[in-house]
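# Residue-level structural notes
Chain by chain, the residues run as shown.
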Amino acid sequence: MSRVGILKKPKNGDLTLKNERILPQWSLSVFWPLLICAALLSLRAHAAPGQQPTAPTQADNVTRATLPNGAHVVIIRSALAPVATVEANFIVGGNETPAGFPGMAHAQEHMAFRGCTGMTADQTAAIYALLGGENNADTQQNITQYFATVPAADVNVALEAQAACLKGVDDSQAEWDQERGAIEQEVQRDLSNPTYKFIDRMNGAMFAGTPYAHDPLGTKASFDATTGAMLKDFYTRWYSPSNMILVVVGDVDPAATLAKIKDLFGSVPDHPLPARPQIQLQPFQSQTFSIDSNLPYVLGFIAYRFPGTDSPDYAASQILADVLASQRADLYGMVPAGKALDAEFGMAENYRQASVGYGAVALPANTDATDAISEMRQILNKYATDGVPQDLVDAAKRSEIAQAEFQRNSIPGLAEVWSAALAAEGRNSPEEDIDAIRKVTLADVNRVAKQYLLNASTITTTLKPVNGGGPVAEKGFGGSETVTSSPTKPVQLPEWAAGPLQQLQAPSNFISVSDTTLSNGIRLIVRTDPTSPTVTVLGSVKNNADLQTPPGEDGVGGVLDGLYSYGTQTLDRLAFQKALDDIAANESAGFNFSLSVLKEYFSRGVQLLADNELHPALPENAFLVTRQQTAQFVAGRLRSPGYQTQRALDLGLVPTGDPTLRETTPETLTKLTLDQVKQYHDATVRPDLTTIVVIGDVTADEAKSVIEKWFGDWKAAGPKPETTLPAIPVNQASASTVPDPEAVQDQVTLAEQLNINRFDPDYYPLQLGNHVLGGGFYATRLYHDLRQVNGYVYNVDVSLNASKSRASYSVQYGSDPQNVSKARALIVRDLEQMRTEDVSDSELHQAKALLLRQIPLSSASEESVARGLLARADLGLPLDEPVNAAKKYMQLTADDIKQAFARQIRTDNLVQVVRGPAPQ
């Protein structure tokens, strides 16, 4: 449940493994998104308790108030969707943990879901499940956050739940004894990730002697020594109204919401806070080390200590990082020169007193990174010595300012932005960050570059892949254990939750869209939303590389994908990127293409997108480099545990000779010619296979006019290719283990091929049954059995993936090797019960509530709306499918679920693939 530090990692730490996407979009934001997307924030000096309450102030849809007990409240009204996010930020995190117990704040965050004043653990889980299941929490270096996104009509229920935990958390020893296993599995998961190990070691060296040196995740040893009484003491010290900032964003009545907050939170007594630790940074010595890795490529890093968020140089350092990361800068220039698979610069660990600036290069497996790291250092030193280009500074500032507009297009995203600014950084609003960006000058950036890059101490690290060997077939599934039936006793909700959550109502209408087909076959879907002066375009060209790739040309689609970044037939790589920078637009081309642009530049942005999609440059020299890079990447990928895990699963699920078993190899890639790439583009990128979704501050007529102007001359030639895979029979049981020398936790997948597709009537009762099994945390069976009661896992995910012709069912979890078979036994038991016994009335009601409330929650951001529309269009579903599905879910019975599971789920035919140590 934690977004601890910067470690929100991909499940298996690897790139996507689908055959048709053999290469990333040549960006470390794909290789290593954790450093950019979840930067750690730090200590916030907070007003002393007992301060005078302030009257609410309101400006630009923002209402602020300080309650008599010191609680700070900020309400931001957004009519984007009938949704609200409630985020309670407590100014306590890893900095305030006792010596020897670095995960104390994290453990306390977990325990808030194990019972609060007037709300038991079971009630907590049931309430959030009935609200739609979109709730979580995270622990950072100086804040702990509890957040939930709910239908706007239910915002008072979410506020009641948050208030219960401000009034008190139980922290009972019995509950901690059960939760300890789950949080230790979270630790084991991260210790299996080489990037986490690098970051942890980097922090220890760069910030030695300060709280920044230890990650708030915690350690198994310290959790073993932690008691419920210790957690209760930590809570009592740090959880007080004056140490909380409550942020509410969404389609709410600010006055009524504030009145409710005063009623719920205003009577909670405040108390003085302990003294906060002083952060005294000391000089550190440069270090160079390497770490064994399970990634399919080498990663080389140079990490620098950068200004913290309190520093007046922080904004200039952000612009410096953007400049160095530009695709027009010399660091990224290592990629088209064939010297790296990717290269970038970024910022992470954004504490109050310091942050981390890092340069990174990705290289082929088995490559010595010394020369590439040395060249990266020379490039950075040259910029620091000679200065950076004014043009790139201007482009970086435009981009940062434009991104502030896009932040308004997501209700939970806006809540996160405000929470970070107020709670983590100590700002008055996010606008302060943008104001600081506006004021940055070229001289500021050059001064910061000299101060923090030249002659600076650094942490230089190489992550080197280690070959763990291929998959090992297993004879069986390990032992089992005697288990009892999963409890189905209904949970009695508190009065304040029971009434609002008792009623189920299917939505009667869906979002309004324009849906037309252009003369060349493009399907155009437009959703007008004036929330911000921005427009987002998402597009999809139906493609199946397994069916459309000519024999002997496996990998041609990946090479084409890598070539889009080299510009168009009229604009070379640098000129094309400059044209995007000039309008602060983000663009990507390929079978899935996208554009994010300010409204005033909508037409120019679409012009550039269409030029790249329809007329990519595909230069000969870039082809030779990209083909080599693709072959190098694939060579490492074939040996990586992530790929071997997916391959073992595919071999178990589909029959021999199935198109999805086609495999790209370095040999198939090195035989490709540029003409073959061009022919593949011309044959597969077709308007009659294309759907474009436009969402934002644009009318349907405006969008159609612009799309027709730049995409209208695009014509299809020849018959439409087949992109739908044939149906296949169900699989037989099998088991295999993929060794992963870097993993201390096993990642387990149990899966089977079903004899249905997305349009089969059994799809709906199976999905409803899945929400009895999972999706609602402890209120659902798998989480209750595997995590709440036994502590075998941190996550357990159950999913039904269905296409036009196929469907697969899977359960995934991570556990210690000795618990793999125990967890499997519980999963099989729960699946068998779904096949043979009726779910209870309360479980049926809760599962329906989860699914029905997730419909409005899916509109909480423009991106989620656009992606939902595009996915339904590609699959051939009605655009208002969520409303149609809701009506079907409302009519389903417990017997419908049981019969569907009995027909489709076969627990004796599961394919089991384990990645990590051999299960015991």
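Calculation rules
Residues numbered from 1 in each chain as written. Predicted model: local features only at pLDDT ≥ 70, side-chain atom pairs only at ≥ 80, totals over all residues. Heavy atoms only, no water. Helix = DSSP H or I, 4+ residues; strand = E, 2+ residues; numbered from the N terminus. Rg over C-alpha atoms; globule rule 2.2 N^0.38 Å. Buried < 20%, exposed > 50% of the residue type's maximum accessible area, 1.4 Å probe, protein only. pLDDT = per-residue confidence, 0-100. Contact = heavy atoms within 4.5 Å. Expected span 1.5 Å × (residues − 1). Pairing = 2+ DSSP bridges. Axes fitted to C-alpha atoms, helices over the stretch in contact; angles between N-to-C directions.

## Considerations on the overall build of the protein chain
From N to C terminus, the protein chain includes 33 helices and 26 strands. Over its C-alpha trace the protein chain gives a radius of gyration of 27 Å, about what one expects of a compact globule, namely 29 Å for 920 residues. Based on the C-alpha atoms only, the size of the protein chain along its principal axes is roughly 70 × 70 × 60 Å. Within the protein chain, the proportion of its 920 residues that are buried is 60%.

## Points about the confidence of the model for the protein chain
Per-residue confidence for the protein chain averages 91 on the pLDDT scale, and 92% of its residues sit at or above 70. Confidence over residues 1–56 falls short of pLDDT 50; this stretch has 214 contacts with residues more than four positions distant or in other chains. Across residues 476–487, where pLDDT falls below 50, the model places 27 contacts with residues more than four positions away in sequence or in other chains.

## Here's the deal with helix α30 (residues 841–857)
For α30, which comprises 17 residues, the first-to-last C-alpha distance of 24 Å matches the rise-based estimate of 24 Å (1.5 Å per residue) to within 8%. Here α30 lies mainly inside the structure; 13 of its 17 residues are buried.

## Side note on the sheet that holds strand β25 (residues 807–815)
Across the sheet, six strands lie side by side as β15-β22-β26-β23-β25-β24; this open sheet has mixed pairing. Each edge of the sheet is formed by a strand with only one pairing partner; in this case those strands are β15 (472–473) and β24 (796–802). Examined bridge by bridge, strand β23 (residues 746–754) and β25 share nine bridges and lie antiparallel to one another. Across the sheet, residue V748 finds its bridge partner in β25, namely Y813. Here helix α23 (residues 641–653) sits on the sheet and contacts β22 (734–738), β23 and β26 (911–915); the angle it forms with β26, its principal contact strand, is near 170 degrees.

## Description of unusual backbone geometry
Positive phi outside glycine occurs at D171, with the angle close to 50 degrees. Within the fold, D171 resides in the loop between α5 (155–167) and α6 (173–191). Positive phi values are uncommon outside glycine, yet N366 reaches one of about 70 degrees. Its place among the elements puts N366 in the loop between β13 (354–364) and α12 (370–386). Given the relative accessible area of 66%, N366 is considered exposed.

## Thoughts on the sheet that holds strand β14 (residues 458–465)
Sheets are built from strands paired through backbone hydrogen bonds, the pairs being either parallel or antiparallel. Taking strand neighbours across the sheet as the criterion, the five strands line up as β10-β14-β11-β13-β12 in an open arrangement whose pairing is mixed. With one partner strand each, in any of the chains shown, β10 (287–293) and β12 (342–348) form the two edges of the open sheet. Averaged over all pairs of adjacent strands, the angle between strand axes in this sheet comes to 20 degrees, irrespective of strand direction. Note: strand β11 (residues 297–307) against β13, 11 bridges, orientation antiparallel. By the bridge assignment for β13, I302 is matched with G359. This element, helix α7 (residues 194–206), spans β10, β11, β13 and β14 of the sheet and lies at about 160 degrees to β10.

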